[in-house]
Amino acid sequence: MAKYILKKLLFMVPIIIGSTIIIFSILHLSPGSPVDMIAGPNITPEVYENIRRSLGLDKPLVTQYFIFFGKLLRGDLGTSILQQRPVLDIVLERLPITLKLGFLSLLFSFSIAIPAGIIAAVKRNTAADYLSMSFSLLGISMPTFWFGLILLYFFAYKLGWFPTSGYQTWRHFVLPVATVGLTDAAVTARMVRSSMLEVIRQDYIRTARAKGLRESIVIVKHAFKNALLPIITLFGMRIGWIFGGSAVMEIVYSIPGIGRLMVDAIYARDYPIVQGSMLILVICIMLGNLLADILYAWVDPRIKY
Amino acid sequence: MEEYREKTLVIDEQKKITFWQTFFRNKAAILAAIIIVIFLLCAIFAPLIAPFPYDEQNLPEMMQAPSANHIFGTDEFGRDIFSRVIYGTRISLQVGFFSVAISVIIGTILGALAGYYGGIVDQIISGFIDIVSSFPVSLLAIAVVASLGRSLVNLIIVISMISWAGYARIIRGQVLTLKEWDFVEAARALGASNLRIIFKHVLPNAIAPIIVMSTLEIPKAIIVESTLSFLGLGVPPPTPSWGSIMSAGRAYIMQAPWITMSPGLAMMAIVFAFNLFGDALRDTLDPRLNKQI
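Residues numbered from 1 in each chain as written. Chains lettered and ligands numbered in written order. Predicted model: local features only at pLDDT ≥ 70, side-chain atom pairs only at ≥ 80, totals over all residues. Heavy atoms only, no water.

Trainee: Requested: an account of empty space enclosed by the protein, with residues and values cited.
Mentor: Residues and elements named next belong to chain B. Counted according to the given criterion, the structure contains two cavities of 30 Å³ or more. Volume-wise, the second largest cavity comes out at about 30 Å³. In this structure, the second largest cavity is lined by Phe52, Glu56, Asn58, Glu61, His70, Gly78 and Asp80. Across the lining of the second largest cavity, the residue classes break down as one nonpolar, three polar and three charged. (1 Å grid on protein atoms, 1.4 Å probe; cavity = no way out; pocket = protein on both sides within 12 Å on 5 of 7 lines; lining within 4 Å. Points joined across faces, edges and corners; volume = space filled by probe spheres on them. Nonpolar A, V, L, I, M, F, W, Y, C, P; charged D, E, K, R; others polar.)

Trainee: Mind laying out the interface of chain A and chain B, listing which residues take part and the relevant values?
Mentor: On the side of chain B, 41 residues touch chain A, which itself brings 44 residues to the contact. Between chain A and chain B the total buried area reaches about 3,900 Å² when both faces are included, carbon and sulfur atoms providing 77% of it. Residue arginine 190 of chain A pairs with aspartate 279 of chain B through a salt bridge whose shortest N-O separation is 3.0 Å. Here chain A and chain B share four residue pairs in polar contact (both at pLDDT 80 or more) between them. Elements that contribute at least two residues to the side of chain A that touches chain B include exactly helix H1 (2-28), helix H6 (127-140), helix H7 (144-158), helix H8 (170-200), helix H10 (215-252), helix H11 (258-268) and helix H12 (271-299) of chain A. Of the residues belonging to the side of chain A that touches chain B, the class tally is 31 nonpolar, eight polar and five charged. (Contact = heavy atoms within 4.5 Å. Buried area = accessible area lost by both parts, 1.4 Å probe. Salt bridge = Lys/Arg side-chain N within 4 Å of Asp/Glu carboxyl O. Polar contact = N/O pair within 3.5 Å; in protein donor to acceptor, adjacent residues only side chain to side chain. Helix = DSSP H or I, 4+ residues; strand = E, 2+ residues; numbered from the N terminus.)

Trainee: How would you sum up the confidence of the model for chain A? Please name residues and give values.
Mentor: Of all residues in chain A, 95% attain a pLDDT of 70 or more, and the chain-wide mean is 81. The least confident element of chain A, judged by mean pLDDT, is helix H2 (residues 34-39) of chain A at 67; the most confident is helix H5 (residues 87-122) of chain A at 88. (pLDDT = per-residue confidence, 0-100.)

Trainee: I'd like a description of the side chain of threonine 179 of chain A, backed by residues and values.
Mentor: Tracing the backbone shows threonine 179 of chain A in helix H8. When residues no more than four places from it in sequence are discounted, the contact partners of threonine 179 of chain A are Thr144, Phe147, Gly148, Leu151, Met249 and Tyr253 of chain A.

Trainee: Now, about the confidence of the model for chain B: what can you tell me, with residues and values included?
Mentor: Residues and elements named next belong to chain B. Averaged over all residues, the pLDDT of chain B equals 80, while 89% of them reach at least 70. Helix H1 (residues 2-25) is the least confidently modelled element of chain B, averaging 60 in pLDDT, while helix H4 (residues 81-117) averages 89, the highest of any element. Across residues 289-293, where pLDDT falls below 50, the model places 11 contacts with residues more than four positions away in sequence or in other chains. The ipTM for the predicted assembly is 0.77, set against a pTM of 0.80.

Trainee: How would you sum up the nonpolar core? Please name residues and give values.
Mentor: With 154 residues, the main nonpolar core has Phe145, Met196 and Tyr253 of chain A together with Trp242 of chain B as its most contacted residues. Considering each element in turn, this core owes the most residues, 15 residues, to H10 of chain A. Contacts of tryptophan 242 of chain B, omitting those with residues within four sequence positions, involve Phe39, Val85, Gly88, Thr89, Ser92, Pro263, Ala266, Met267 and Ile270 of chain B. In this structure, Ile129, Val132, Trp164 and Ala165 of chain B belong to the second largest nonpolar core, which totals seven residues. (Core = buried A, V, L, I, M, F, W, Y, C linked by side-chain atoms within 4.5 Å. Buried < 20%, exposed > 50% of the residue type's maximum accessible area, 1.4 Å probe, protein only.)

Here it is as structure tokens:
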């Protein structure tokens, strides 16, 4: 097992390096420069050059990248241009909020989607199936931020049950988690339903029924256990989506997480912050995928690692 | 020979008929097709349908609730929301169609190359697919649009950049299995070039899942576009897009919720229709796929 995990971890390295190159080129090839943000419009060319040099932006792109990468190897993500503090500190301050939002949403989503998907599959072509799949189709058809705004309007403004912004108490998390969780559950429930349908048609399910097992045992012990594998893969795939969705929610609900940090930094052209937070998010997503892989190998005895 | 050709022709005809018959036996598919056609007409004939010009300001009538005159109400400048939503259809549909077309082309070519040649080509392309799939999509899109600048073309480029990987993955898988088949072997034995084999023999057989996926990707592209517009990274004003109308309405959600609601409902209708249509298409084209996704 340790070897398997190590192999997977090693496989992450080229992908992480690749993504740093992509992020770096997107940011640095774009018109506009962080110097404009610091200096403002009325500035002499000499001062402009000085600031540029002090930020290291005058060097060739490739050199800049290797400087960035060299620091990265020593665990240094650079210094924020606007805040003048180490990027790593800033990102790590904000990360727990986003992780909390993301994991609560994922938990909420799966605790709705798994039962709903199973019921829809087991009671195929009944009212329960149509109802849950209609809700699911409805959920897929909404942009997350719009659903967030609707919940905000009804539950925060009209009914006043929850605060409209902030992150201090659990009440602040209810609406954002509900928004991301429910829209994600819409996608997940459909997939759980199809993987259950796939399993239910198998011969061993017929055997289990034929030998007189109670239907609930057939479903839970025989069918669900086998449908679990694609669901675990799904869990890995959805992590990226959940973090992206949470980042947008941080803007709708004014939560100071990493998504908000990044969007603000993009507008301010604070390159080190954007690079750092994007990198940390990519690593989180890949660790999530790794977790899914490990779970998969652990649950499925047929997989040799 | 002549007889044989006739026979295949008959089979082809029959195939076509059963395809459309099966497809339109599905009531949801008919409904979806009607909704899509209505939105297409709205986009094409927007100036004829919209009761007001989309940028006509009328400050005395600002933030009015929906009424007979302004059926979706008015915004903070007194502009007619219904007209703006109608014009917004153009942006959403253009982004949906063009970004899907571009990502299908890129994804198909790269996926086919990876699957057909294997080896180092496959490793490089698959590496790219992995990188793109592990990015938080909306955040990458934000970063790219913020640096490229706001325009319709840039939106389409960004959305294509992040969605080609899905097609590439499917095509790669299809090509991997297809290239082992006897008819590919036969084509090779007859001296067909690699490119001819890929385009004439392998890809036509992999087309069904791509059509289905494209139909289901159009609504996703529409949603990503609206998210970007919501974050202020969409088509620059005063051109209305659904996302930018919702974004502007966010500040007035207490006083004038209809500004945010109307474009969202329009979007739900079209996205819902595309999803239904795609599902029906999948059931008809490949009943086996139905169980997988």
